[in-house]
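A closer look at the structure
The lines below spell out each chain.
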Amino acid sequence: MPPPRPNLELYLVTDSVNLPPNSTVYSQVEACLSAKHPPTVIQLREKHLSTAKFIELARDIYALTSKHGVPLLINDRVDVALAVGCEGVHLGWDDMVDVPTARKLLGPEKIIGLSVSDHEQLEKALEMDPTYLGIGPVFSTPTKSDHNPPLGTSGVRSLLSAMPSTMQAVAIGGINHDNVQRVLFQSKDISGKRLDGIAVVSAIMASPLPVGACNLLHETINWPPLFVPTDYSIRAEDFPIYRDNIHKHKPLVHHITNNVVKSISANITLAIGASPVMSENPAEFADLAALPNVGCVLNMGTFTGGRESLELFLGALREHNVRGNPVIFDPVGAGATNARREFAQMIVGTGYCTIIKGNEGEIRSLAGLETAKMRGVDGAGEGGSEELAEIVHDLASLENNIVLMTGPKDYISNGARTFCLSNGSKYQSRVTGIGCALGSVIAAFCAAAPVDESLIGPVISAVGMYNIAAERAEKLMEGSDQPGKWATAFVDCLATMTMSNENLTELIAAQEVEELRNLEKWGRPTGGEGLKEGEDLADA
Ligand SMILES: Cc1ncc(COP(=O)(O)OP(=O)(O)O)c(N)n1
Ligand SMILES: Cc1nc(C(=O)O)sc1CCOP(=O)(O)O
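Sequence order as written defines residue numbering, which begins from 1 separately in each chain. Here every chain gets a letter starting at A, and every ligand a number starting at 1, in the order they are written. pLDDT decides what is reported in this predicted model: residues at 70 or higher carry local features, side-chain atom pairs at 80 or more are listed and counted, and totals for whole chains, interfaces and linings draw on all residues regardless.

As a reminder of what qualifies: UniProt positions are given in the numbering used here, feature names are shortened, and annotations may be inferred rather than shown by experiment.
Per an unreviewed UniProt entry, the protein chain goes by the name TMP-TENI-domain-containing protein and belongs to Choiromyces venosus 120613-1. UniProt's Cofactor (unreviewed entry) comment on the protein chain is quoted here verbatim: "Mg(2+)".

1. A few points about the site of ligand 2
Rules: A residue counts as near a molecule or strand when its C-beta atom, positioned from the backbone, falls within 6 Å of it. Asp, Glu, Lys and Arg are counted as charged, while Ala, Val, Leu, Ile, Met, Phe, Trp, Tyr, Cys and Pro are counted as nonpolar; the rest, among them Gly, fall into the polar class.
Lining the immediate environment of ligand 2, one finds 18 residues, of which Gly-136, Thr-141, Thr-143, Val-201 and Ser-202 sit closest. Here the shell around ligand 2 is composed, by residue class, of seven nonpolar, 10 polar and one charged.

2. Some details on the site of ligand 1
Here is the rule we go by: Here a helix means four or more residues in a row that DSSP labels H or I, a strand means two or more in a row labelled E, and each is numbered from the N terminus.
Lining the immediate surroundings of ligand 1 are 16 residues, of which Gly-92, Ser-115, Gly-134, Ile-172 and Ala-199 lie closest. Of all elements in the fold, only strand E1 (10-13), strand E5 (111-116) and strand E7 (168-172) reach the threshold of two or more residues within the shell around ligand 1. Across the shell around ligand 1, the residue classes tally to five nonpolar, eight polar and three charged.

3. Some details on the nonpolar core
Definition in use: Core membership is restricted to buried Ala, Val, Leu, Ile, Met, Phe, Trp, Tyr and Cys residues, and these are joined into a nonpolar core through C-beta atoms within 7 Å. Think of it as a crowd count around each C-beta: if 20 or more other C-beta atoms lie within 10 Å the residue is buried, if 12 or fewer it is exposed, and in between it is partly exposed, with C-beta placed from the backbone throughout. Two residues qualify as being in contact provided that their C-beta atoms, derived from the backbone, are within 7 Å of each other.
By size, the foremost hydrophobic cluster in this structure holds 87 residues, and its most contacted members are Leu-298, Phe-445 and Val-459. A per-element tally of this core places helix H17 (residues 434-448) first, with 12 residues. Once residues lying within four places of it in the same chain are set aside, the contact partners of Val-459 are Ile-355, Ile-402, Leu-404, Ile-412, Ile-442, Phe-445 and Cys-446.

4. Let's talk about the environment of Ala-102
Among the secondary structure elements, Ala-102 is positioned in helix H4 (residues 99-106). Not counting residues within four places of it along the chain, the set of residues in contact with Ala-102 comprises Val-78, Val-89, Leu-91, Val-97 and Ile-112.

Rendered as structure tokens:
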């Protein structure tokens, strides 16, 4: 008879090292089992007990878990599991006994879990047919000092997608109630293969309120995902609403951006009615992220590489993710050098980037595609419209976020729908910082939008407004070639486009409606020609 398929949703691994004052492993487990939503599996993990003491504790804990119908697994020690008669074991690669031997010793009905940290281990693990796999660490964690390099959610996803759909898996390492939803959501692979649950140590064992910790984790795991890609229809009348939201809410845009573009980004943020903050001081990230209507721009244009810049970017990402603030990641130059590509992948794999914005080379690089055509940080390739739309669509559905590829045409997708915008001016690529500062405008539009709304509308509106302002500024040049003058005119045009002057609003709305109809051609098919209902450009 095959072993049962355990419910791995909330998997507690015990730890006797970081317990809160006046508690023991036994008292923490006892408390957890009395919770409204207790762990669905418990693993007893003891690294320093003698065999006799380990068996004694395991017997006591097993008396508790069996009363509540929660399976108990023993970490590393098949002998202890045999002595106690509990439901199974969890094994690593350095343990005395491997999975086939444990299966022989324990019999076909026991649960045998196995850790995996990379594809090589996964390949070997699948040959041994364990009951489930423990993938980790997702994030760096002090609980296991000898852990392997962190996988990030993209690493977990990559392992999940190489597993048969029937293999059960949990993720472990640095997971807590702040990041659990993101871990579950972002690790889902494109075919829909997802984690069966998450395993935690300190989020419960180190908590002075273990019952609350269990219930909160259960609720967070089962809460509807924060970032649902919706079948959003773009409507012309939404555009002025998004723009007016900026005046109502005066969003703050926290920038960690490159030195070349700081000034223009701040001026453009101010021009649209939002407030810029250029803070690279980690001590203020939590406070900034806690303010209302905040968006964050992470632009790696002049990153210095190394641990310090990674910590800076990841620190800001973490604080804004915890608050659910929109984060716009601009992987500048990600297609130009390996160091930049690796850095960008680390950011995307470690946190949730609500919007990834880049040129063709940068987006290709993040999508793991050939970037040979790219030169320097501002280089772009020559992909055809349909190919570019497909790349943007695929990356957005893989990351469960919004992807914007900028260029002569801008492609925007949330993985469910894909849009193409054609406005803009030749000057946008001739003045440094204009491309980067679009991230500030998008951040402001998203931070001012209602929290429960899909952000594809605000993103499209921000890009549309930016490009139309660029066109207007170009018209003011009356044919003369003056990039410097254009830049000033562009900032002025952006400022006037956001003024609440009724006549002006009407004038602007006329142009925007025209542009949004253009969008509808791509996003919302109207019949015989073009796309079918429910189909997006990438499918056509
Ligand atoms: C659910 C789960 N996944 C992974 C591990 C790690 O096990 P291992 O590699 O044996 O490392 P130690 O726990 O022995 O330090 C786990 N225990 N549980
Ligand atoms: C026991 C364990 N195994 C890991 C792995 O990577 O296999 S990480 C880990 C510790 C997880 O502790 P916390 O939830 O406190 O971060």
